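# Reading the structure
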Amino acid sequence: MRRLLMAPLSSVGRSALGLAETIGGATLLFGRILRALIPPRFDRDETWRQLYGVGVKSYAIVVVTALFVGAIMVIQTAFYVRRTGATSLLGYGVGFTVFAEIGPILIGLMFSGRVGANTTAELGTMVVTEQVDALRALAIDPIRYLVVPRFVAMMIMMGLLMVLGDGFAIIGATLTADTLIGVDPSVLISSLLESHLLDEYLLGLGKALCFGVSISVLSCWFGLGVRGGATGVGRAVNNSVVANAAAIFFIDFVVGWLFPVGL
Amino acid sequence: MIEFIDIHKSFGPKRVLKGVSLTVDQGQVLYVIGSSGAGKSVLVKHLVGLLRPDSGRIILDGRDVTWLSEAEFYAVRKKCAMVFQNSTLFDSMSILDNVALPYRKHFRLSRDEASRRALDKLALVQMEDAARRFPGDLGDGLRKRVAIARALTLEPEFVIFDEPTTGLDPVAAANVDALIRSLRNDTGVTAIVVSHDLRSIFSVADRIAMIYDGNIRLDGTPQEFRASDDPVVSQFINGRADGPMKI
Ligand SMILES: Nc1ncnc2c1ncn2[C@@H]1O[C@H](COP(=O)(O)OP(=O)(O)OP(=O)(O)O)[C@@H](O)[C@H]1O
Ligand SMILES: [Mg+2]
């Protein structure tokens, strides 16, 4: 009986400890990254390599996600638009939800699944094969050489991909509106332009940059913390994906709360 | 000079080192021997700060390095290089870039100049032909030779070789032995070599230390090892299956 009661409690306790450890560790890592950035002392070559790698890995998935996000927003609103004939609101509705909310979240999630998981696996493998220790033994700081370039690359790329994604979401919405409910592209675009969504657009961009920070810091932290061979790498990738998703929703909530737009 | 003073190290309940004391004089090559899992790799990693002792002190070149911070250890590591037991090449880079990396990071050399010097180091281990290949395409023995070249890039005064000839063919192993000998004779490098390779040991070592059960069992010249009547030592260096050694 006692054990029956204690088991869930101790599991809650363990999760809380794990959470505290993750937040504490990731914050420390973030601090060390900032210290390496001011003044900037990190590896330029590796940063270029990462920028290229991150971009190549993720642009296709972002484009596809964005096209569908735009299309889905139109499908969701199609019913009301058809019934009320309020086609002039379609551009506003799509733009508002995509720019400020759905776009950053979905692109952030795709990015973390693609780039974040990859980073954790790569750094984790470098830890278990002692490549990270080998760097240290060559007097090269793994933070400056491995982590900061990934941090910079992911942040820049999240921003660029968000701009790209917003564009393709509008394309997806326009195409769907045209074929599904017969709203002419020009109607949707002009409705979008007239809705003055700059705040929403910038908010979404700001969220994307925050996601870039959290994804890079968390995935590097989980990667560098790997212990115990291939199973350890698997476990870390798993934890990293879950933590990244949770962080994305949490950051989205906090940013949306601090900077309410469109009210 | 390198001094380990009464080093204790445990991993959880597992006591690996139980008070190891060891001295390597300037310009000497010390071979560390002992069965698998005896703690040879653990011991040498303390010297470059990759592991920290539970107690004890480590003196390198007259300076107590035991509790230096990670940042302070970077200066020590430029002086004291380490070749890992598993070759630990960076598998995202070519062989040449692996060896050129320390040049680029520490001497701020141009890419061409760094590559040129890296090729010189690769030539020391007869690996210059593999420069454009990637670590994943090479076998263990070849990778290990590249790792040796990479460790020598910073012209260290002290070098740790963790099983440098394991997995090498006899000719390549003899070449590595010759390289270690010439590092000592020509550049005055002080080296610790972890090895099971009896032929290397007796052809290169100035001194030998055997780790057994967390302690130094015997520390002496090759002649003293050959003449030792300690049953554990003689079982090990004669490679006999039956004897008092606990495995
Ligand atoms: N980071 C670590 N965490 C936990 N245990 C470790 C760690 N490093 C080494 N050990 C343990 O310490 C013991 C000694 O390991 P070590 O690698 O030093 O052996 P070794 O003498 O080098 O053997 P080998 O000849 O096989 O390389 C082993 O039992 C190993 O499992
Ligand atoms: Mg070993």
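Report follows, based on the coordinates.

Basis of the calculations
Residues numbered from 1 in each chain as written. Chains lettered and ligands numbered in written order. Predicted model: local features only at pLDDT ≥ 70, side-chain atom pairs only at ≥ 80, totals over all residues. Heavy atoms only, no water. 1 Å grid on protein atoms, 1.4 Å probe; cavity = no way out; pocket = protein on both sides within 12 Å on 5 of 7 lines; lining within 4 Å. Points joined across faces, edges and corners; volume = space filled by probe spheres on them. Helix = DSSP H or I, 4+ residues; strand = E, 2+ residues; numbered from the N terminus. Nonpolar A, V, L, I, M, F, W, Y, C, P; charged D, E, K, R; others polar. Donors = N, O, S within 2.8 Å, 3.2 Å for Na, K, Ca; no water. Buried < 20%, exposed > 50% of the residue type's maximum accessible area, 1.4 Å probe, protein only. Contact = heavy atoms within 4.5 Å. Buried area = accessible area lost by both parts, 1.4 Å probe. Salt bridge = Lys/Arg side-chain N within 4 Å of Asp/Glu carboxyl O. Polar contact = N/O pair within 3.5 Å; in protein donor to acceptor, adjacent residues only side chain to side chain. Near = heavy atom within 4 Å.

## What to know about empty space enclosed by the protein
Applying the stated criterion to the full structure yields two cavities of 30 Å³ or more. Taken as a whole, the largest cavity encloses approximately 80 Å³ of empty space. Elements that contribute at least two residues to the lining of the largest cavity include exactly α4 (131–137) of chain A together with β6 (80–83) and α5 (140–151) of chain B. Residue classes in the lining of the largest cavity are distributed as nine nonpolar, two polar and one charged.

## As for the layout of surface pockets
Its volume calculated, the second largest pocket comes out at about 780 Å³. Contributing to the lining of the second largest pocket are 26 residues, with R41, D141 and R144 of chain A together with K105 and R108 of chain B lying nearest its centre. Listed by contribution, the elements that provide at least two residues to the lining of the second largest pocket are α1 (2–37), α2 (44–84) and α5 (142–181) of chain A together with α2 (70–79) and α3 (95–107) of chain B. The leading source of residues in the lining of the second largest pocket is α2 of chain B, at four residues. The residue makeup of the lining of the second largest pocket, split by class, is ten nonpolar, two polar and 14 charged.

## With respect to the coordination of the magnesium ion (ligand 2)
Residues and elements named next belong to chain B. Within the protein, the magnesium ion (ligand 2) binds to S41 (OG) and Q85 (OE1); these donor distances fall in the range 1.9 to 2.1 Å. Linking S41 in helix α1 (residues 40–47) with Q85 in the loop between β6 and α3, this pair joins segments that are 44 residues apart in sequence. Q85 gets classed as partly exposed once you look at its relative accessible area, which sits at 30%.

## A few points about the interface of chain A and chain B
The partner chain B presents 22 residues to the 18 residues of chain A that form the contact. Summed over both sides, the interface between chain A and chain B buries roughly 1,900 Å², with carbon and sulfur atoms accounting for 56% of that surface. By the criterion of area lost to chain B, the three top residues of chain A are E130, R136 and L138 of chain A, representing 31% of everything that side buries. At the boundary of chain A and chain B, one finds five salt bridges. Where E130 of chain A meets K45 of chain B, a salt bridge forms, and the shortest distance between an N and an O atom there is 2.6 Å. At the boundary of chain A and chain B, one finds nine residue pairs in polar contact (both at pLDDT 80 or more). Taken together, the elements giving at least two residues each to the side of chain A that touches chain B come down to α2, α4 and α5 of chain A.

## Observations concerning the site of ligand 1
All names here are of chain B. Near ligand 1, the surroundings consist of 14 residues, among which K14, G37, K40, S41 and Q85 are the closest. G39 is positioned with one of its backbone polar atoms (N or O) 2.9 Å from an oxygen atom of ligand 1. Between ligand 1 and S41 there is a distance of 2.7 Å, counted from an oxygen atom to a side-chain nitrogen or oxygen. Listed by contribution, the elements that provide at least two residues to the shell around ligand 1 are β2 (14–24) and α1. Of the residues forming the shell around ligand 1, the biggest block, three residues, is contributed by α1. Partitioned by chemical class, the residues of the shell around ligand 1 number four nonpolar, seven polar and three charged.

## What about the environment of R108 of chain B?
Mapped onto the elements, R108 of chain B comes out in the loop between α3 and α4 (111–124). Sequence-wise, R108 of chain B and A147 of chain B are 39 residues apart; in three dimensions their C-alpha atoms are separated by 21 Å.

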